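What follows is the residue order along each chain.
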Amino acid sequence: MPYRPGMGSPLVLLDVDGVLNPFERPHKGYRRHRCSPDGVTFRLWLDAGHGPALLALAETAGAELAWASYWCDNANEWIAPRIGLPALPFVPIPRFPGPEEGGTLGAWKARHVARWTERRPFVWFEDEPDATDRIGAEPGAGEHLLVVVDPLTGLTAEHLDTAAAWLGGLAR
Ligand SMILES: [Mg+2]
């Protein structure tokens, strides 16, 4: 489904830790995975149902999935194949803030999201309160919906339904 001509399709932005990888195992659909980006090993809970559900959300809405996570491109190697997603574009969030970038880590993440999305509309699945507080104040951010995820339980069907309803409203 094409979005408004000239505006670019909407984006669906995915955080990893606290969203796709909850801090505790919420139900048996999650399995433990060892991921070793840059030689550092993490143990993650991942739900193989998330990839198909996110692809269906994007397909229905004519939206594009992208990473908004400190995992950046590492998510394509270590997360995507384990949950059934293809390689996705990613917000290039640097590992450390530059000297000109003050504020909390969440504010810094919000700034990079606003810059990278270039006024395209976006849904953002995010658990970091500082990031979710700040995105509305970023001057470059387009129309958006923040779906705040509880990091203990991660992304749920209700979050996906909320996103689908908002994206469906955009297309009208
Ligand atoms: Mg997070």
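Since we're looking at a predicted model, the values are computed, not measured.

### So, unusual backbone geometry
Working step 1: Here Asp 38, not a glycine, exhibits a phi torsion of approximately 55°, which is positive.
Working step 2: Looking at where Asp 38 falls in the secondary structure, it is placed in the loop between strand S2 (30-35) and strand S3 (42-47).
Working step 3: We classify Asp 38 as exposed; its relative accessible area is 54%.
Working step 4: Despite not being glycine, Cys 72 shows a phi value in the positive range, around 45°.
Working step 5: Assignment of secondary structure puts Cys 72 in the loop between strand S4 (64-67) and helix H2 (74-78).

### Focus: the sheet that holds S4
Through backbone hydrogen bonds, the strands of a sheet pair up, either in parallel or in antiparallel fashion.
Working step 1: Pairing is parallel across the open sheet formed by four strands, whose spatial order is S4-S1-S5-S6. Looking along the sheet, the strands with just one partner apiece sit at the ends: S4 and strand S6 (144-148). Between one strand axis and the next, the sheet turns through 20° on average, direction left out of account.
Working step 2: Inspection of the sheet shows strand S1 (residues 11-14) paired to S4 by four bridges, in the parallel sense. Residue Leu 14 lies in a different strand from S4, and its bridge partner there is Trp 67.
Working step 3: In this fold helix H4 (residues 105-117) packs onto S1, S4 and strand S5 (122-126), with an angle of close to 155° to the strand it touches most, S5.

### A look at the confidence of the model for the protein chain
Working step 1: In this model, the protein chain carries a mean pLDDT of 90, and residues with pLDDT of at least 70 account for 92%.
Working step 2: Ignoring residues within four places in sequence, the model shows residues 1-6, a span with pLDDT below 50, making 13 contacts including any to other chains.

### Quick word on the pattern of salt bridges
Working step 1: Taken as a whole and assessed by the stated rule, the structure comprises four salt bridges.
Working step 2: In this structure, the salt-bridge partner of Glu 64 is Arg 120, at a minimum N-O distance of 2.8 Å. Separated by 56 residues along the polypeptide, Glu 64 in strand S4 and Arg 120 in the loop between H4 and S5 bring together distant segments of the chain.
Working step 3: The salt bridge partner of Glu 138 is Arg 134, with a shortest N-O separation of 2.9 Å.
Working step 4: What makes Glu 138 buried here is its relative accessible area of 9%.
Working step 5: A residue is classified by how much of its surface remains accessible, and Arg 134, at 30% relative accessible area, is partly exposed.
Working step 6: Each of Asp 15, Lys 109 and Glu 126 takes part in a single network of salt bridges with overlapping partners.

### A look at the side chain of His 50
Working step 1: Tracing the backbone shows His 50 in helix H1 (residues 50-61).
Working step 2: Contacts of His 50, omitting those with residues within four sequence positions, involve Val 19, Leu 20, Tyr 30, Ile 83 and Leu 155.

### Re helix H6 (residues 157-170)
Working step 1: With 14 residues, H6 should reach 20 Å at 1.5 Å per residue; the first-to-last C-alpha distance of 20 Å fits that figure.
Working step 2: For H6, the complete set of buried residues consists of His 159, Leu 160, Ala 163, Leu 167 and Leu 170. In an axial view of H6, the angular spread of the buried residues amounts to 95°, which keeps them on one side of the axis. Within H6, the exposed residues directed more than 90 degrees away from the buried face are Glu 158, Asp 161 and Ala 165.
Working step 3: At its buried positions, H6 is contacted by S1, H1, S5 and S6.

### What to know about the side chain of Asp 47
Working step 1: Along the chain, Asp 47 turns up in strand S3.
Working step 2: An unpaired buried charge is present at Asp 47: no salt bridge exists, and Arg 25, the closest side chain of opposite charge, is 9.6 Å distant.
Working step 3: Of the polar contacts made by the side chain of Asp 47, one reaches the backbone nitrogen of Gly 49; its length is 2.8 Å.
Working step 4: The contact partners of Asp 47, leaving out residues within four places of it in the chain, are His 27, Gly 29, Tyr 30 and Ile 83.

Reading guide: rules and limits
- Residues numbered from 1 in each chain as written.
- Predicted model: local features only at pLDDT ≥ 70, side-chain atom pairs only at ≥ 80, totals over all residues.
- Heavy atoms only, no water.
- Helix = DSSP H or I, 4+ residues; strand = E, 2+ residues; numbered from the N terminus.
- Buried < 20%, exposed > 50% of the residue type's maximum accessible area, 1.4 Å probe, protein only.
- Pairing = 2+ DSSP bridges.
- Axes fitted to C-alpha atoms, helices over the stretch in contact; angles between N-to-C directions.
- Contact = heavy atoms within 4.5 Å.
- pLDDT = per-residue confidence, 0-100.
- Salt bridge = Lys/Arg side-chain N within 4 Å of Asp/Glu carboxyl O.
- Expected span 1.5 Å × (residues − 1).
- Arc of directions from axis to C-beta.
- Lys, Arg positive; Asp, Glu negative; His and termini not counted.
- Polar contact = N/O pair within 3.5 Å; in protein donor to acceptor, adjacent residues only side chain to side chain.

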